Amino acid sequence: MTIAIRRAEGRTPPNMPSFDTVRVGEIIQERAGLQRIRLVDGSRAYVLTHLTGTVAVGDEVLVNTTAVQLGLGTGGWHVVHWNLSRREWEQPGPGHIMKLRYTSLQLDTGAAEEDHPETPDHLDRTPVVVCSLHSQIAGVIAAAKAEQPGARIGYVMTDGAALPMAFSDLVVSLRDAALLHGTVTAGHAFGGDLEAVNVPSALALARHVLRCDIVVVAMGPGVVGTGTRLGTTAMEAAPALDAVAWLGGQPIICVRISGVDSRKRHRGLSHHTLTVL
């Protein structure tokens, strides 16, 4: 069954989501917060288990197919919206702070600010590296560890791209390699060791609750870029750098630079970095 929204005659249709109903054929991978599955029609999907619970082989699931239909950079994966084989599901939250607010998938993540109300609002000159791509965090963290092997490095994930921390294979790899000490998800991003209401608060929590010596800030996987000067997730680096300075940290930008990118705007020092600066 395919669910679509009928277009009104004579009107330009808005961008609407598309859904399909398919049965689960195989569980490809499972970890905390995430399942990757293959559907019986051969397509692939991932399940954000914090939002919908887990699925099993044979379950009928409702999947959002929009990104695949648009050819977006999801690697050809649908997203499970709901497990139709389950009549109800409940996962109690730790507090009363909601993320994904006012959507059908809003969830009670709580917030570390509730548990740590006395967190200082300064960074004690802590170095904070702000990136414009999720992939940059690996190079930054590896380099920092090489220079300071004993440093406790934290990652603050913004809500500029993927919202679930569980979606990041890179974070899993960094933790498995003992390079990443802890994580904070800010804004509507969720699934970190600590949940924060916004980026400035996440920085303070990383410093004083996780006791990080170095903090890296970046969006999750799935940066948005439009080719315009301002229409990119990378612009969030500017207010993040301002927040670090305002809180008494050491703001450092990770530049985007390339000698091989086919797009002129990213050849050499990327226009993203120049705009942010």
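Residues numbered from 1 in each chain as written. Predicted model: local features only at pLDDT ≥ 70, side-chain atom pairs only at ≥ 80, totals over all residues. Heavy atoms only, no water.

1. Topic: the nonpolar core
Link 1 in the chain: One finds Val-128, Val-130, Val-156, Val-184, Leu-203, Val-215 and Val-217 to be the most contacted residues of the largest nonpolar core, which totals 26 residues.
Link 2 in the chain: Secondary structure elements with two or more residues in this core: strand 9 (127-130), strand 11 (182-186), strand 12 (194-196), helix 6 (199-208), strand 13 (214-218) and helix 7 (237-246).
Link 3 in the chain: Broken down by element, this core gets its largest block of residues, six residues, from helix 7.
Link 4 in the chain: Aside from chain neighbours lying at most four places away, what touches Val-184 is Tyr-155, Val-156, Met-157, Leu-194, Ala-196, Ala-202, Ala-206 and Leu-210.
Link 5 in the chain: Residues Val-129, Ile-137, Val-140 and Ala-189 belong to the second largest nonpolar core, which totals 19 residues. (Core = buried A, V, L, I, M, F, W, Y, C linked by side-chain atoms within 4.5 Å. Buried < 20%, exposed > 50% of the residue type's maximum accessible area, 1.4 Å probe, protein only. Helix = DSSP H or I, 4+ residues; strand = E, 2+ residues; numbered from the N terminus. Contact = heavy atoms within 4.5 Å.)

2. Here we look at the sheet that holds strand 10 (residues 153-157)
Link 1 in the chain: The six strands lie next to each other as 12-11-10-13-9-14, forming an open sheet whose pairing is parallel. Since the sheet does not close on itself, it has two edges, and those belong to strand 12 and strand 14 (250-253), each with one partner. The mean angle between the axes of side-by-side strands here comes to 25 degrees, regardless of whether they run parallel or antiparallel.
Link 2 in the chain: By the bridge criterion, four bridges tie strand 10 to strand 11 in an arrangement that is parallel. Paired with Gly-154 across the strands is Gly-182, a residue of strand 11.
Link 3 in the chain: Seen against the sheet, helix 4 (residues 136-147) touches strand 9, strand 10 and strand 13 and runs at an angle of roughly 170 degrees to strand 13.
Link 4 in the chain: Of the strands in this sheet, strand 9, strand 10, strand 11, strand 12 and strand 13 touch helix 6, which is tilted by about 150 degrees from strand 12. (Pairing = 2+ DSSP bridges. Axes fitted to C-alpha atoms, helices over the stretch in contact; angles between N-to-C directions.)

These values are about where atoms sit, not about what they do.
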